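Coordinates in review
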Amino acid sequence: MSTPERLIESTRELLWERGYVGTSPKAILERADAGQGSMYHHFKGKPDLALAAIRRTAEEMRATAAGVLDGPGTPYERIEAYLRRERDVLRGCPVGRLTMDPDVIANPELRAPVDETLDWLRGRIAGIVEEGKAQGQFAPGMDAREIAAAVVATVQGGYVLARASGSPAAFDAGVRGLLSLLAPRSA
């Protein structure tokens, strides 16, 4: 792996573990096993490197979600697959965690990939809900955007509850609850 790649990957890991403030250039260099000054050789500084790392994390999250949401099955089954997909629940969401970081939220450039990813996710899920409504699987009066927001909120809130309790059971309970509310209508 090239030095810039090691720097980006190390920054991604550290942002997930420690947040922006807790991710020092020294920690990045140590984790990347890179020489002093290499960060500034490849990037303008910590904000530039953090932006590259956040973009990479956001792209990865979109690709993972798309792989499930665009997969086979009915609209309900695809939403269910997204909610039940394998996650490291106790670590939390690498993108969602950034919304709790005041330094990321205060910086429009760092916040943009986070906003764009969550907007994309809500939009994609809303589209699937609309498909389900058109197929008669979901109630016609369902507001697709509100359901999409509830799906994303369940995942993000589930991470928080699981981390607080130290158990993925809280995440799983939230998923089961939402799925029971979304269960397809009987014919």
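Since the structure is predicted, the reported quantities are computational estimates derived from the model, not experimental observations.

Moving on to the environment of Ala169. With respect to the secondary-structure elements, Ala169 resides in helix 9 (residues 169-182). Separated by 134 residues in the primary sequence, Ala169 and Gly35 have C-alpha atoms spaced 42 Å apart.

With that settled, the discussion passes to the pattern of salt bridges. Side-chain pairs of opposite charge can arise whenever the charged atoms involved come near each other. Under the defined criterion, the tally for this structure stands at 12 salt bridges. Between Glu17 and Arg31 there is a salt bridge; the shortest N-O distance is 2.9 Å. Placement of Glu17 in helix 1 (residues 3-18) and of Arg31 in helix 2 (residues 25-32) is noted, with a sequence separation of 14 residues between them. With a relative accessible area of 40%, Glu17 lands in the partly exposed category. Here Glu130 and Lys133 are joined by a salt bridge, their closest N and O atoms 3.6 Å apart. Of the two residues, Glu130 and Lys133 are both situated in helix 7 (residues 108-134); the distance of three residues between them amounts to about one turn of the helix. Through salt bridges with shared partners, one network takes in Glu5, Glu9, Arg12, Arg56 and Glu60.

Our focus in this paragraph is the packing of aromatic side chains. Going through the model one piece at a time under the given rule, you end up with one aromatic pair. Both rings, one in Tyr159 and one in Phe171, keep their centres 5.4 Å apart while their planes meet at 50°; by these two values the pair is tilted. With Tyr159 in helix 8 (residues 144-165) and Phe171 in helix 9, this pair connects stretches of sequence that are 12 residues apart. The two residues Tyr159 and Phe171 agree in class, both being buried. Across from the ring centre of Tyr82, 4.9 Å away, lies the NZ or CZ of Arg87, which sits over that ring.

Definitions and cut-offs
- Residues numbered from 1 in each chain as written.
- Predicted model: local features only at pLDDT ≥ 70, side-chain atom pairs only at ≥ 80, totals over all residues.
- Heavy atoms only, no water.
- Helix = DSSP H or I, 4+ residues; strand = E, 2+ residues; numbered from the N terminus.
- Salt bridge = Lys/Arg side-chain N within 4 Å of Asp/Glu carboxyl O.
- Buried < 20%, exposed > 50% of the residue type's maximum accessible area, 1.4 Å probe, protein only.
- Phe/Tyr/Trp six-rings, centres within 6.5 Å; stacked < 30°, edge-to-face > 60°.
- Lys NZ or Arg CZ within 6 Å of the ring centre and 35° of its normal.

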